[in-house]
Number of protein chains: 2
Amino acid sequence: MKRFVVVGHLASTEPDFSLNNLPGAGRIDELCRCVAASLCLSHGMRRDTECLLVLLGGPKAPKTIRFSGESVRSLSPDERNIAGLIKKALALPCGIVFRESSPGVSVRKGGLAEVLAECGCAVLDEGGDDVRGVETMPETFILSDHQDFSEEERGMVQDLPAYSLGPSVLHADMAITVLHNELDRRESGWI
Amino acid sequence: MKRFVVVGHLASTEPDFSLNNLPGAGRIDELCRCVAASLCLSHGMRRDTECLLVLLGGPKAPKTIRFSGESVRSLSPDERNIAGLIKKALALPCGIVFRESSPGVSVRKGGLAEVLAECGCAVLDEGGDDVRGVETMPETFILSDHQDFSEEERGMVQDLPAYSLGPSVLHADMAITVLHNELDRRESGWI
C-alpha cells in the first residue's frame, strides 16, 4: 500500500462551494490534482494507492476524505469531476470512523493527528534527504498544500523522516507524481 | 530554454467549448494540466520554459497555442483558469505566425510539422531509453495526450531520440513533471 496525505489548510469542509470556483473553496483545485496524481495512470488506476485529503477550512474542520484506488470506480482525472466527489463526501454526516460517500471515497471527522497515529509516515520537506538516496521508503507520505505546515503541525511531524525531491519547490500534486515515479522504479527494478 | 509540446488529438480548435465540460472539448482538461506542469512552481513560474499545445480537433485544425513562462502573467494552475486563456487564444484570428492573445500566450495555424522544423526534439515513448541514463537532454520534448501518436505522427518522429520515464504509463502532464524533476536535478548538480 502507498498512501499520500495532503493537508489543505484552507480547504472547505462544507459541501456548498461552487464547482466553478475551486480555488475560492480554499484551493480545492490543488487537492483534486493531488487525488489524480495519486490514483490515475494513463490507462488505469493505481489500485495499491490511497490519497487522504485533510481539510482544515471552516468550523467543521478537521475532516479527512480518503480516495482508495482499490475500490474507486471511473475516476476521471479532471478537477471538476474529483471536486464533485469531494462535495458529495462533505455532504455526508460522519463521525470518527470512515463512512463511504461514493465507491472508494470515504469521509470522517479528524485530521493529521489521527493519520499519524495510524500510519508509518515520512514528510516531504525541502531540507530533507534526497529521496533517490533513501534506502527504505515508508508507506505514507505527508505533504502540505500551497501553505507551509503550521507551527503545531511542524511539532507533530518533526520526528518523522524528511525527504526532498529536488532543487525546485513543487506543488503537492507534482511532488506526488515524482514520488510515484521513484516508487515505480524501485518496485520494478528500474534502479 | 525548455519546451514541452503536447499533441491534443481531439482538442477543440473553436473557442465555443464550455468551461464546465473540459473533457468534452477533446480533453482540454489534460492540456490545461500540461500547461500547469510545464510552467508552475509552488511559488513562482518557470521563466525558462514554454508549453506548446498542438490542437487537432475540428475543421480549423491544426492550431498551436504557446504558453511562454518568460512573459505569462499570474497563471493560476487550475484547469478552468488555463482553459479560459485557451478559449481567448482560439477566438483570435491568426495566420502562420504566432499572435499574442494574452500576455505570454500566443496562437498560430500549424501543428507538429512546424514544431519539428523549428526545434531540436526528442519524443517520449514507453520503449525509449531510460531518461536518467541520457547524457545530453534536448531542448524540446514531444508528448501525446491520452491517444497514441497517429501513424502519420509516428512517421514524423521516428528518427528522433526516444526516452522513457519509468515502468508506468503516465498522463502527459505527469510525464512533464517527471521530466522537469530530472532537468532540475541536472542543472543544479543534484545528480
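Residues numbered from 1 in each chain as written. Chains lettered and ligands numbered in written order. Predicted model: local features only at pLDDT ≥ 70, side-chain atom pairs only at ≥ 80, totals over all residues. Heavy atoms only, no water.

Bring the parts together and some accessible area is lost; that lost area is often taken as the interface size. Contacts between the two partners involve 38 residues from chain A, matched on the other side by 38 residues from chain B. Each partner contributes to the roughly 3400 Å² buried at the junction of chain A and chain B, and carbon and sulfur atoms together form 54% of this total. At the boundary of chain A with chain B, the tally comes to four salt bridges. Residue A:R132 pairs with B:E182 through a salt bridge whose shortest N-O separation is 2.8 Å. Linking chain A with chain B are 19 residue pairs in polar contact (both at pLDDT 80 or more). Ranked by residue count, the leading element in the side of chain A that touches chain B is helix α5 (residues 172-187) of chain A, at seven residues. (Contact = heavy atoms within 4.5 Å. Buried area = accessible area lost by both parts, 1.4 Å probe. Salt bridge = Lys/Arg side-chain N within 4 Å of Asp/Glu carboxyl O. Polar contact = N/O pair within 3.5 Å; in protein donor to acceptor, adjacent residues only side chain to side chain. Helix = DSSP H or I, 4+ residues; strand = E, 2+ residues; numbered from the N terminus.)

Bringing empty space enclosed by the protein into the picture now. Here the structure, examined in full by the defined rule, presents two cavities of 30 Å³ or more. Estimates place the volume of the largest cavity at around 150 Å³. Of all the elements in the fold, those that place two or more residues in the lining of the largest cavity are α1 (28-39) and α5 of chain A together with α1 (28-39) and α5 (172-188) of chain B. Partitioning the lining of the largest cavity into residue classes produces eight nonpolar, three polar and four charged. What the second largest cavity holds in volume is close to 90 Å³. Along its surface, the second largest cavity is lined by 14 residues, and A:R132, A:V178, A:N181, B:R132 and B:N181 are the ones closest to its centre. At the level of secondary structure, the elements contributing two or more residues to the lining of the second largest cavity comprise α5 of chain A together with α5 of chain B. Here the lining of the second largest cavity is built from residues that sort into six nonpolar, two polar and six charged. (1 Å grid on protein atoms, 1.4 Å probe; cavity = no way out; pocket = protein on both sides within 12 Å on 5 of 7 lines; lining within 4 Å. Points joined across faces, edges and corners; volume = space filled by probe spheres on them. Nonpolar A, V, L, I, M, F, W, Y, C, P; charged D, E, K, R; others polar.)

Within the fold, B:N181 resides in helix α5. Relative accessible area serves as the criterion here: at 8%, B:N181 is assigned to the buried category. With residues up to four places along the chain from it excluded, the contact list for B:N181 reads A:R132, A:L165, A:G166 and A:V178. (Buried < 20%, exposed > 50% of the residue type's maximum accessible area, 1.4 Å probe, protein only.)

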